[in-house]
Structure formats: structure tokens, C-alpha cells
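What follows is the residue order along each chain.
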Amino acid sequence: MKKTIGVGLLAGLCMLIANFAFGIIFQVIFPKIQAQYMNANLFRSWNDPLMYLLYICVFIVGVIFAFLWEKHKNLLPGATPCKKALKLTMIYFVFSVIGMTINYSTFQVSLLMIINWIISVFLQSVVGAKVISKMIK
């Protein structure tokens, strides 16, 4: 149990680092995204304490990934742990895309930002699932 939580927190840390890295890359490639993030009518200021929930979320996802991996890795299709981790990522990804679709339909964000979120969530969840699949045998 302790090991699973520890691995999940480490995966969450790796996911947070990946999220920052992918965010910087996307904002350099697409400066319009950075302008949207600065829009106070759409997003809270970084001075708002509720913004810290963005940091906590990846750690929660990491711990959930670790528990799911430990309990159900034998049920996931795939010959190698990496292929199984990709399947776990795809399951999470399908559910997260539903939420992003809801965001697109209810908030005034561009399709480019939604695509950015979809790609970022997929890549960061791949990172987290790979860490977990390597550390929990």
C-alpha cells in the first residue's frame, strides 16, 4: 500500500513536470494559447489559492493510476508492461476527452486550446503510466 502510494506520487510528479514542459512547448509554438491563458475573463489569476488544485490533480491521478495498475494490470491487453500501460492511458484518456468536450461547449475557449489540452493530457498520462509500469512489477 505504501509503495503504491509512493509510486503514484512519483508518477504524479513526473506528470506535473511533463505538463509544464508540454505547456511551455505549446505556448512557444502557438502564442495565441498563451494570450488565452492571460484572459482574466476565462481563467483565474495565479494569485487565487484555488489554482493550486491544478497541481494536486496530477498527484491524485498518479495514485489512482498506481492502484489501478497494481490491481488490474493482468486484465489489461498487451504483451509487455509498456503496451499495458498504454492501454491504461487510453482508458483514462477517453474519459478525460469527454470533460474537455464539455469545456469546449460551455466555455469560450478556442478549439486550439482544447486540442492543446487533449494532446497534453494524453502525453502526461503516458508519462505517468510508464513510470508506474516500470516501478510496479
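In this text, all values refer to a predicted model and were calculated from it rather than measured experimentally.

Undergrad: Lay out the confidence of the model for the protein with the relevant residues and their values.
TA: Of all residues in the protein, 100% attain a pLDDT of 70 or more, and the chain-wide mean is 88. The spread of mean pLDDT over the elements of the protein runs between helix α2 (residues 31-37), the lowest at 85, and helix α1 (residues 2-29), the highest at 92.

Undergrad: Just give me the short version of the layout of surface pockets, but keep the residues and values in it.
TA: Estimates place the volume of the largest pocket at around 1,400 Å³. Considering the residues around the largest pocket, the lining is formed by 39 residues, among which N19, Y37, F43, L54 and W117 are closest to the centre. Listing elements by their share of the lining of the largest pocket, those giving two or more residues are α1, α2, α3 (53-72), α4 (81-106) and α5 (111-135). Per-element tally for the lining of the largest pocket: the top contributor is α1, with seven residues. Each residue belonging to the lining of the largest pocket can be placed in one class, and the counts come to 24 nonpolar, 14 polar and one charged.

Undergrad: Residue-level account of α1, with values.
TA: An α-helix turns once every 3.6 residues. As a result, residues three or four positions apart point the same way. For α1, with 28 residues, the first-to-last C-alpha span of 40 Å sits near the 40 Å given by 1.5 Å per residue. Among the residues of α1, those classed as buried are T4, V7, G8, A11, G12, M15, L16, A18, F22, G23 and F26. Where the residues of α1 are buried, they touch α2, α3 and α5.

Undergrad: Give a description of the environment of L86 that names residues and reports values.
TA: By the secondary structure assignment, L86 is in helix α4. Assessed through its relative accessible area of 41%, L86 is described here as partly exposed. The spacing of L86 and L53 is 33 residues in sequence and 26 Å in space, taken between C-alpha atoms. Those residues in contact with L86 that sit more than four places away from it in its chain are F122 and V126.

Undergrad: Could you give me a rundown of α3, with the residues and numbers involved?
TA: With 20 residues, α3 should cover 28 Å at 1.5 Å per step; its first-to-last C-alpha distance of 28 Å lies within 8% of that length. When α3 is considered as a whole, its buried residues turn out to be V58, V61, G62, V63, F65, A66 and W69. Those residues of α3 that are buried lie in contact with α1, α4 and α5.

Undergrad: Account for the environment of Q108, with residues named and values stated.
TA: Checked against the element boundaries, Q108 lands in the loop between α4 and α5. Accessibility expressed as a relative area gives 73% for Q108, which makes it exposed.

Undergrad: Describe the pattern of salt bridges, listing the residues and the values that go with them.
TA: Throughout the structure, instances matching the rule amount to one salt bridge. The salt bridge involving R44 is made with D48; its shortest N-O contact spans 2.9 Å. According to the relative accessible area criterion, R44 is partly exposed, its value standing at 48%.

Undergrad: I'd like to hear about the nonpolar core, residue by residue, with values.
TA: Counting 16 residues, the largest nonpolar core has F65, W69, L88, I132 and I136 as its most contacted members. Within the residue set of this core, elements represented by two or more residues are α1, α3, α4 and α5. Discounting chain neighbours no more than four positions away, the residues touching L88 are F65, L68, W69 and L76. M113, I114, W117 and V121 belong to the second largest nonpolar core, which has seven residues in total.

Rules behind the numbers
- Residues numbered from 1 in each chain as written.
- Predicted model: local features only at pLDDT ≥ 70, side-chain atom pairs only at ≥ 80, totals over all residues.
- Heavy atoms only, no water.
- pLDDT = per-residue confidence, 0-100.
- Helix = DSSP H or I, 4+ residues; strand = E, 2+ residues; numbered from the N terminus.
- 1 Å grid on protein atoms, 1.4 Å probe; cavity = no way out; pocket = protein on both sides within 12 Å on 5 of 7 lines; lining within 4 Å.
- Points joined across faces, edges and corners; volume = space filled by probe spheres on them.
- Nonpolar A, V, L, I, M, F, W, Y, C, P; charged D, E, K, R; others polar.
- Expected span 1.5 Å × (residues − 1).
- Buried < 20%, exposed > 50% of the residue type's maximum accessible area, 1.4 Å probe, protein only.
- Contact = heavy atoms within 4.5 Å.
- Salt bridge = Lys/Arg side-chain N within 4 Å of Asp/Glu carboxyl O.
- Core = buried A, V, L, I, M, F, W, Y, C linked by side-chain atoms within 4.5 Å.

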